Amino acid sequence: LGLAPAGASVEFMREVTWLGSRNRVLLSLYRVEVQRDEDVRFADGEVVWGAFHTLAELREAMEREAFVPGGLKAWSEAEKGGFVQRYLR
């Protein structure tokens, strides 16, 4: 969904798959390092709104805001698999 500046390295990290009773989630996680928030451009029509948050801010938002259940499950699986602890700071 986000496009990094030309020449940025894109590293595949892992995949999280979850098959629920109402939906399926296939989440491919990539690592891209950029220098500034404005280096990330979202593809037109893919993202209505976006912002970067710390892990603490994200966890707080997941407790108080409405999130898609499949997305919350994918996040939970990524945490259980150690992705969050290893790759996100």
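All of these numbers come straight from a predicted model, not from anything done at the bench. (Residues numbered from 1 in each chain as written. Predicted model: local features only at pLDDT ≥ 70, side-chain atom pairs only at ≥ 80, totals over all residues. Heavy atoms only, no water.)

**Q** Any details on the environment of valine 16? Residues and values, ideally.
**A** In this structure, valine 16 sits in strand 2 (residues 10–19). Note on valine 16: relative accessible area 4%, which makes it buried. Each C-alpha atom, one on valine 16 and one on glycine 81, is 8.7 Å from the other, the two residues being 65 residues apart in sequence. Residues in contact with valine 16, not counting those within four places in the same chain, are Val25, Leu26, Leu27, Leu29, Ala74, Glu77 and Ala78. (Helix = DSSP H or I, 4+ residues; strand = E, 2+ residues; numbered from the N terminus. Buried < 20%, exposed > 50% of the residue type's maximum accessible area, 1.4 Å probe, protein only. Contact = heavy atoms within 4.5 Å.)

**Q** Help me get a handle on the nonpolar core, residues and values and all.
**A** In terms of nonpolar packing, the biggest core is built from nine residues, these being Met13, Val16, Leu29, Leu55, Met62, Trp75, Ala78, Phe83 and Val84. Within the residue set of this core, elements represented by two or more residues are strand 2, helix 1 (55–64), helix 2 (69–80) and helix 3 (83–87). With residues up to four places along the chain from it excluded, the contact list for tryptophan 75 reads Leu55, Leu58, Met62, Val84 and Leu88. (Core = buried A, V, L, I, M, F, W, Y, C linked by side-chain atoms within 4.5 Å.)

**Q** Tell me about the pairing of strand 2, residues and numbers included.
**A** In the sheet, strand 2 pairs with strand 3 (residues 24–32) via nine bridges, with the strands oriented antiparallel. Bridged to glutamate 15 within strand 3 is serine 28. Hairpin connection from strand 2 to strand 3: four residues lie between these consecutive antiparallel strands. (Pairing = 2+ DSSP bridges.)

**Q** Break down helix 1 for me, with residues and values.
**A** Within helix 1 the residues assigned to the buried category are Leu55, Ala61 and Met62. Down the axis of helix 1, the smallest arc covering the buried residues is 125°, so these residues share one side. Residues of helix 1 that are exposed and point over 90 degrees away from its buried face: Ala56, Glu63 and Arg64. Close packing links the buried residues of helix 1 with helix 2 and helix 3. (Arc of directions from axis to C-beta.)

**Q** Which residues make up the packing of aromatic side chains, and what are the values?
**A** Using the criterion set out here, one finds one aromatic pair in the structure. For the ring pair phenylalanine 12 and tyrosine 30, a centre distance of 5.4 Å and an interplane angle of 70° mean the geometry is edge-to-face. Of this pair, phenylalanine 12 sits in strand 2 while tyrosine 30 is found in strand 3, placing the two residues 18 residues apart along the sequence. (Phe/Tyr/Trp six-rings, centres within 6.5 Å; stacked < 30°, edge-to-face > 60°.)

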